[in-house]
Protein chains: 2
Amino acid sequence: MYRDRIRLSSLHSKVMSAADAAGLIEDGMTVGMSGFTRAGEAKAVPHALAERAKQSPLKISLMTGASLGNDLDKQLTEAGVLARRMPFQVDSTLRKAINDGKVMFIDQHLSETVEQLRNQQLKLPDIAVIEAVAITEQGHIVPTTSVGNSASFAIFAKQVIVEINLSHNTNLEGLHDIYIPTYRPTRTPIPLVKVDDRIGSSAIPIDPAKIVGIVISNQPDSPSTVLPPDGETQGIADHLINFLKKEVDAGRMTNKLGPLQAGIGSIANAVMCGLIDSPFEDLTMYSEVLQDSTFDLIDAGKLSFASGSSITLSTRRNAD
Amino acid sequence: MYRDRIRLSSLHSKVMSAADAAGLIEDGMTVGMSGFTRAGEAKAVPHALAERAKQSPLKISLMTGASLGNDLDKQLTEAGVLARRMPFQVDSTLRKAINDGKVMFIDQHLSETVEQLRNQQLKLPDIAVIEAVAITEQGHIVPTTSVGNSASFAIFAKQVIVEINLSHNTNLEGLHDIYIPTYRPTRTPIPLVKVDDRIGSSAIPIDPAKIVGIVISNQPDSPSTVLPPDGETQGIADHLINFLKKEVDAGRMTNKLGPLQAGIGSIANAVMCGLIDSPFEDLTMYSEVLQDSTFDLIDAGKLSFASGSSITLSTRRNAD
């Protein structure tokens, strides 16, 4: 019943196959796709684009938020689709193509891409391909498990393809906080000063007339490959907890600590997990990526609020 | 007529000799002194302190905003006054003492010192020695040619010694913008979004009861040692101007450009000077240190507003 997920009924006529949507992407275009740390990437359209290129070669410049999951960078590379790629990727096949000079690559601080697009230092995307949980009554896009550059790609692109992914729980709606900072040179501070501040909207606000295709998919995100905690990471967690305890004892912090900022990967995940057995309470966290440990800490009653740019979970946690 | 510069008359009784004021600094104290890039340092008291230590040894921990002028770090080192020094210095005698392990030194990003003081990660100064143009009717301190950490040192210290330096023009009053950010964890953005925004006060707000000594001095800042522009720096300036012209031609900037940020030293000074012969107008600049070029550009009608943490000028410019 995907029609429940497209609440602006005039858009129902835009539903099409992934192959037809991929056909809207022309040779030489700049394409912005959702996806951040293998979470929330559009899945069906890039796959169909790679399939099409095997028959009928074409090349695009591809921008994302961070890495794509489901081997999509591998598929696009093997099909020869990528002329240029930015700002981040982790696929070994694509890495080799980059190092061989077959794909031009810009490795960029993830916050810089949109800034350069805004300042017309990069060509704006011709088309954006964004994975969504739903489209609202206003025709706005509710993203899935990541945001990153997705909102700006959709806002900048002349045309937008939306992938409604039925495998994502509709409860994701309401989780997002889409905020577009003001433009330089009259930029003002982003008015977010507490982890639980909400400053934006829960959907990406675009003119629905830009939506040229809607594809229905049903494929989950790639599971996270982080390793479970072990003796070594538990040792790091113990050191961290002891350090923080001493700061509390010295009166420099309360038992709530300051807002935490967590990195990603197995070590960060395991160290954060270690806080479950700490004396600290009512913790808050800013993170790039919310990993299993974030939800373990919430379930343990230790973490009150966490904000991040994507949610990347293990198979175990995804099943919850 | 230094009494005109001490507008809170109850403080007139605090005027004393530099030697008497230096006598208020005891062995083992942590002392915060004004001074940033050899501008606006207290001059008479540290000199008297070095003289006193030759007769009667003592050691202090010394914090400043940046470097001290008038060879004061050299004098204090030779007199054996410095046990610890932070966060920055440029004196060769002191550098040798640091490298020989005779003075403990922390080389720190200049923005971190006050943050660590606020969080009680560093011992608060027992006494602050601040150079001033004047003391207001409220007993607040009007700094001279630098601010840096001076305001926070005066606010944190239990006692404050003020050096009224008659060699500084009283027109400096009104130039400063003293703003104390809110404390973590409820820190809010600093509400300064344009170069000519004013968000603070023109004097350092302290309880005048903390002022334990006022010393009258009459010694100018050390002149800047920057070299005048030459063919090479003019070449760099030409490249910069051509680059910026192309950005304007491409519609990515207006002829006013964005706010500039200038580094310090001979090259930055000469490159900024090169903008005098540019087509750009109504420029604005954020800088750490305002050098000769800042005022050359203002006089040439090119620069509308500049903000910085200190003013370090050549002998020529100081004479203007």
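Structural data are supplied above this passage.
Here the structure is a predicted model, which is why all the values come from computation and not from measurement.

A. Highlighting the packing of helix H7 (residues 231-249) of chain B against helix H8 (residues 266-274) of chain B. All names here are of chain B. Direction vectors running N to C along H7 and H8 enclose 55°, while the axes themselves pass 8 Å from each other. With respect to H8, the element H7 is oriented oblique. Read as a crossing pair, H7 and H8 show a hand that is right-handed. Along its contact with H7, which presents Thr-233, Gln-234, Ile-236, Ala-237, Leu-240 and Ile-241, the element H8 presents Ile-267, Ala-270, Val-271 and Gly-274. Residues belonging to the contact of H7 with H8 are distributed by class as follows: seven nonpolar, three polar and no charged.

B. Representation of the relation of the copies chain B and chain A within the structure. At an RMSD of 0.0 Å, chain B and chain A line up after a rotation of 180° and a shift of 0.0 Å along the axis. With respect to symmetry, the two chain copies, as superposed, fit the operation of a two-fold axis. Judged by C-alpha distance, Pro-189 of chain B is the residue of chain B that lies nearest the rotation axis, at 3.2 Å. Both copies contact each other with a shared surface, as 100% of the interface residues of chain B are interface residues in chain A too.

C. Spotlight on the sheet that holds strand S10 (residues 283-287) of chain B. Residue and element names in this part refer to chain B. The strand order S9-S10-S12 describes an open sheet built from three strands, whose pairing is parallel. In this open sheet, the two strands that pair with only one neighbour each are strand S9 (260-262) and strand S12 (303-307). Each strand axis lies, on average, 25° off the axis of its neighbour in the sheet, ignoring direction. With four bridges joining them, S10 and S12 adopt parallel strand pairing. From the neighbouring strand, Met-285 faces S12, where its bridge partner is Ala-306.

D. Seen up close, the interface of chain B and chain A. Taken residue by residue, the interface counts 13 residues in chain B and 13 residues in chain A. Carbon and sulfur atoms make up 57% of the area that chain B and chain A hide from each other, which totals about 860 Å². Scanning the region where chain B abuts chain A turns up zero salt bridges. Joining chain B to chain A, the criterion identifies two residue pairs in polar contact (both at pLDDT 80 or more). Tallied by class, residues from the side of chain B that touches chain A come to five nonpolar, five polar and three charged.

Rules used throughout
All residue numbers refer to positions counted from 1 along the written sequence of the respective chain. The lettering of chains begins at A and the numbering of ligands begins at 1, in the order of writing. A pLDDT threshold of at least 70 governs which residues receive local features in this predicted model, and a stricter bar of 80 or more applies before side-chain atom pairs are shown or counted, although totals over entire chains, interfaces and linings include all residues. As a rule here, side-chain values cover all heavy atoms of the structure and leave hydrogens and water aside. Between the N-to-C directions of two axes lies an angle of 0 to 180 degrees, each axis being a line fitted to C-alpha atoms and, for a helix, fitted only over the stretch in contact. Secondary structure follows DSSP: runs of H or I at least 4 residues long count as helices, runs of E at least 2 residues long count as strands, and numbering of each begins at the N terminus. Orientation categories follow fixed angle ranges, with anything under 35 degrees roughly parallel, anything over 145 roughly antiparallel, 65 to 115 roughly perpendicular, and all other angles oblique. By convention the crossing between two helices is left-handed if the near helix lies anticlockwise of the far one by an angle smaller than a right angle, and right-handed if it lies clockwise. The contact rule is simple, with two residues in contact once any of their heavy atoms fall within 4.5 Å. Note that Gly is not counted as nonpolar here; it falls among the polar residues with everything else outside the nonpolar set of Ala, Val, Leu, Ile, Met, Phe, Trp, Tyr, Cys and Pro and the charged set of Asp, Glu, Lys and Arg. All copies are superposed by least squares; the fitting set is the C-alpha atoms of residues with a pLDDT of at least 70 in both. Any two strands with at least two DSSP bridges between them are considered paired. Accessible area, probed at 1.4 Å, shrinks when two parts are joined; the buried area is that loss added up over both. Within this document, salt bridges are pairs made up of a side-chain nitrogen of Lys or Arg and a carboxyl oxygen of Asp or Glu, the two lying within 4 Å of each other. N or O atoms within 3.5 Å of each other form a polar contact, as long as, within protein, one can give a hydrogen and the other can take it, and as long as residues adjacent in sequence are counted only when both atoms are side-chain atoms.

Shape descriptors only; they carry no functional weight alone.
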